[in-house]
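Overview (structure and organization)
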Amino acid sequence: MSSPEIAAETIRDEQECYHCGLPVPEQTRHYVSVEGTARRMCCIGCEAVAQSIVDNGLTDYYRHRDAMPEPQKEALPAELQELGLFDHPDFQKGFVQPVGEHEREASLILEGITCAACVWLNEQHVARLPGVSIAQVNYATRRARVRWDERRIKLSEILAAIQAIGYRAYPYDPERSEQISQRERRSMLWRIFVAGFGMMQVMMYAFPSYIAKAGELTGDIELLMRWASLLLTLPVVLYSAAPFFQRALRDIRLRRLGMDVPVALGVGSAFGASIWATLSGAGEVYFDSVTMFVFFLLCGRYLEMIARQKAVRGVEELGKVIPAFAERIVAWPAQESERVPVSQLVTGDVLRIRPGEIVPADGIVIDGRSEANEALLTGESLPVPKTNGSPVTGGSINISSPLLVRVEQVGEATRLAAIRQLMERASAEKPRLAQQSDRVAAVFVVVLLVLAAATGIGWYFHDAERALWVFVSVLVVACPCALSLATPTALTVATDTLSRIGVLITRGHAIETLARANRFVFDKTGTLTYGRVTVEEICSQGTLGSDELLVLAAALEQASEHPIAAGLRRAVKDRRVPAAERVVALTGQGVEGWVDGRRLSIGRPDFIATQLGTSLPPALGTLEARGGTVVALADESVWLGLFRLADVPRREAAGLVAKLTNEQRSLTVLSGDGPAAVEAIAGELGIGDVHGGMSPQDKQAYIASMQKEPDAVVAMVGDGVNDAPVLAQAHVSVAMGGGTELARNQADIVLLSENLTGLGQGIEISRRTLKIIRQNLWWSFVYNFTSVPLAMAGLVTPWMAGIGMAGSSLLVVLNALRLQRVPEAK
């Protein structure tokens, strides 16, 4: 601003920058006119940012914000300094999606977001840019969704506009998001540490005043202890409790009342009254109650934050399944290849997929014979043979031999992307119980504040000298400390107890919902079963016994990594296995070789029948009817034996099924495996409602239909990426610890022990937790309804109110500690 302009306005000679809050160097003279007042800035950068905010008519930002922005830094990583790079079509392939002929949509991550006003400012600023049709920012994840018309504005211009108001935007990166989450956790832990340390020290100074008799504590010593308590409580209130005050101010400005409002009023009133008592030398102090109150509340909020961060990671991890690079054939049918980013793949490209590599896109095999592990996508426990013309799915793993694949679908058109979209849609739904809790809390807060205010006003006219103390007494004695601790404390103790038995809770609602679950849905592979193929039955077709047949089969399969081969080798145990010679593996068919001078073949029965030129043995149909997979062993002229292999149920599965059945819980099995195999496992365990051959979409639709039943609370126990949409759809979801990272991140509960007994114990602990939460809530309400009338009548002094608040909180915590006992495994 020029000097004449400054002279014409009110000048605020502030010592701190009005925009960022940093100290203003004495020699600088940077001002920006904000609503008729010249505000001082610390540097030309803040001056430019503030002027941009004013010029765009966004000065409401300064009235609404409840935290200063982070210091301005570069908006992009060092390797992406040139904003124009974001306009390159190849670069945009990884994070920009076309939504129309000229419209594009991008997922960005914002840094510098510190409060709801920051979200409002970014949404308003970006939405006003010409050509931008959608600008949405998620405060919890810091993710921004932006849609624009590329004919009117470029992505680089959008990023530059965000940078102009002091924030940093770049393509969404899960690793960057995790770094932000880590900073949040570190900050919260520091606040808890300061509050906990202050609480312990203040209690040491408060204890003598509680136990000392009249005249035993001199005035000088008592005053010294008060000042020491005041100094120790200051960092707890100003640092540890700062978020409560910030959020309370935000709620008031937005004309809504959350639980932070009475918390802030309680802490602020008690602390203010204690300061007054310390300065005046009259009255009681409640520094111990303040520090303890803040410490317990922070512990509960930390639990909520961990649950929130866990809840947003499932979709992020799903994107990591696809590899970053692929081997593309330059000019098919030539064999020359090049390594290219997966984002550059287009329909029609020919890729070479080597053994052990992940398929980067959906396609069709045009050359090669191999097998693919599609357990992540279909739930099928056995590898699927792949030959010319076979479809392959992005995210599956090639196992044995190289394949040439023609790309059919890429990016968001792949099956894996469809699964991710199902997860996002299911995760976006807010549980009904959470909405009800919000409404009850809002009513409680309003009633509490009205009672406290009415009491203070009434006593002001009745006895003005006591009005403040009665108001503080009502607010402190009725402060929702016990109510706030009733649920999170019980959940914290229960979560710790569950973790000790290998049951990890990843969502805040999981324990409560698991306790109420009355419909249990299980996946088969890796959940009810071990996920390992074992030999179930050997049927001799000649003179050789079962042990001899098993040794010959294991000899042929010694070098194979196939799951069936591993199952045959495990079945041999300590028996001596002869060496096999001239072994040839025929992908998808079987293995041929020489053992002890005899040519043998093992593999699919139809393959062996072709080798022998004979029909299938009659016993084959009987074995297949029992479920599982059947392989055959033969020499050059005759059938030698048949092996039935299956994925056996977990030893503890029958006990869990019996427990839930005795409790009149509904049990269902949904699996992507063949119906016969699924029915065999379910029948062995005693589960009657069985559905096999189901896709992820089918499973999700089935769960949705179950949820429409009256009073149905559905719990899904699954494993694998294909279960992720179902895990998200169910009221509460459980994943086995040996499952994929994606399923674990999406699930509400993870069985780290990979033992279903833990789930049975977890159900018992969850029900006890719900019972104790009800007890805590009842105590909280009884305490408030009893103590509030007494405080309003002036019969409860502030020190009595502090003891009552602390005592009610202690009772809630002690009651919750009963959950540390682990129930016996059944």
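These lines cover the structure that appears in this document, whether it is placed above or below. Only a predicted model underlies this, so the values are computations on that prediction, with no experimental measurement involved.

Here we take up the overall build of the protein. For the protein, the helix and strand inventory stands at 30 helices and 30 strands. Residues counted as buried form 51% of the 826 residues belonging to the protein. In the protein, 67% of the contacts between residues at least 6 apart in sequence involve partners at least 24 apart. By element, 56% of the accessible surface of the protein is carried by carbon and sulfur atoms, the whole surface being about 37,500 Å².

Time to look at unusual backbone geometry. Unlike most non-glycine residues, Q664 shows phi in positive territory, near 65 degrees. Note on placement: Q664 falls in the loop between α24 (653–662) and β26 (666–670). We classify Q664 as exposed; its relative accessible area is 68%. For D711, which is not a glycine, the phi torsion comes out positive at approximately 60 degrees. Mapping D711 onto the fold places it in the loop between α26 (696–707) and β28 (714–718).

Structurally, Q163 can be placed in helix α6 (residues 155–164). Among the residues examined, Q163 registers a relative accessible area of 22% and is labelled partly exposed. Residues Q163 and V49 lie 114 residues apart in sequence; the distance between their C-alpha atoms is 8.7 Å.

Inside soluble globular proteins, nonpolar side chains tend to come together where they are buried. Formed by 43 residues in total, the largest nonpolar core has its most connected members in F520, F522, L528, I687, I749 and L759. A per-element tally of this core places helix α29 (residues 756–792) first, with six residues. With near-sequence residues (within four places) excluded, I687 lies in contact with L528, V657, L667, T668, V669 and A682. Listed in part, the 40 residues of the second largest apolar core include V32, L155, I158 and A161.

What follows is about the environment of R104. Mapped onto the fold, R104 is located in strand β5 (residues 103–111). When the C-alpha positions of R104 and K154 are compared, they lie 10.0 Å apart, and in sequence the two are 50 residues distant. Within polar-contact distance, the side chain of R104 engages the side chain of E150 at 3.2 Å.

Together, W190, F193, F197, M200 and Y239 make up an exposed nonpolar region whose accessible area comes to about 560 Å². Looking at which element gives the most residues to the nonpolar patch, the answer is helix α7 (residues 174–211), with four residues. Position of M200 among the secondary structure elements: in helix α7.

Looking at the element boundaries, S396 is found in the loop between β15 (391–392) and β16 (397–398). The exposure class of S396 is buried, given its relative accessible area of 1%.

The subject of this paragraph is the sheet that holds strand β14 (residues 384–386). The antiparallel open sheet is built from three strands, whose spatial order is β14-β13-β16. Either end of the sheet is taken by a strand with one partner, and the two such strands are β14 and β16. Here two bridges tie strand β13 (residues 370–373) to β16, and the two strands are oriented antiparallel to one another. Note on β16: the bridge partner recorded for A372 is N398.

Moving on, we come to the packing of aromatic side chains. Applying the stated criterion across every chain, the model contains five aromatic pairs. Look at F271 and F287: their rings are 6.0 Å apart centre to centre, the planes differ by 70 degrees, and that puts the pair in the edge-to-face class. On the criterion of sequence distance, the pair formed by F271 in helix α10 (residues 260–280) and F287 in helix α11 (residues 287–311) is long-range, its members being 16 residues apart. As far as the burial class goes, F271 and F287 line up, both buried.

This brings us to the pairing of strand β24 (residues 629–634). For β24, a buried count of five out of six residues is recorded, marking the element as mostly surrounded by other parts of the structure. In the sheet, β24 pairs with strand β25 (residues 639–649) via six bridges, with the strands oriented antiparallel. For A634, the partnering residue across the bridge sits in β25 and is W639. The hairpin formed by β24 and β25 contains four residues between the paired strands.

Another point: the sheet that holds strand β19 (residues 519–522). Pairing is mixed in the open sheet, where seven strands are placed in the order β18-β30-β29-β28-β19-β26-β27. If you trace the sheet from one side to the other, it starts and ends with β18 (503–505) and β27 (689–691), each paired once. Averaged over all neighbouring strand pairs, the angle between strand axes comes to 20 degrees, with direction disregarded. Sheet topology note: the β26/β27 ladder contains three bridges and is parallel.

Calculation criteria
Residues numbered from 1 in each chain as written. Predicted model: local features only at pLDDT ≥ 70, side-chain atom pairs only at ≥ 80, totals over all residues. Heavy atoms only, no water. Helix = DSSP H or I, 4+ residues; strand = E, 2+ residues; numbered from the N terminus. Buried < 20%, exposed > 50% of the residue type's maximum accessible area, 1.4 Å probe, protein only. Contact = heavy atoms within 4.5 Å. Areas by Shrake-Rupley, 256 points an atom, 1.4 Å probe, with all protein chains shown as cover. Core = buried A, V, L, I, M, F, W, Y, C linked by side-chain atoms within 4.5 Å. Polar contact = N/O pair within 3.5 Å; in protein donor to acceptor, adjacent residues only side chain to side chain. Patch = residues over 30% accessible without salt bridge, like charges linked within 9 Å, V, L, I, M, F, W, Y side chains within 5 Å. Salt bridge = Lys/Arg side-chain N within 4 Å of Asp/Glu carboxyl O. Pairing = 2+ DSSP bridges. Phe/Tyr/Trp six-rings, centres within 6.5 Å; stacked < 30°, edge-to-face > 60°. Axes fitted to C-alpha atoms, helices over the stretch in contact; angles between N-to-C directions.

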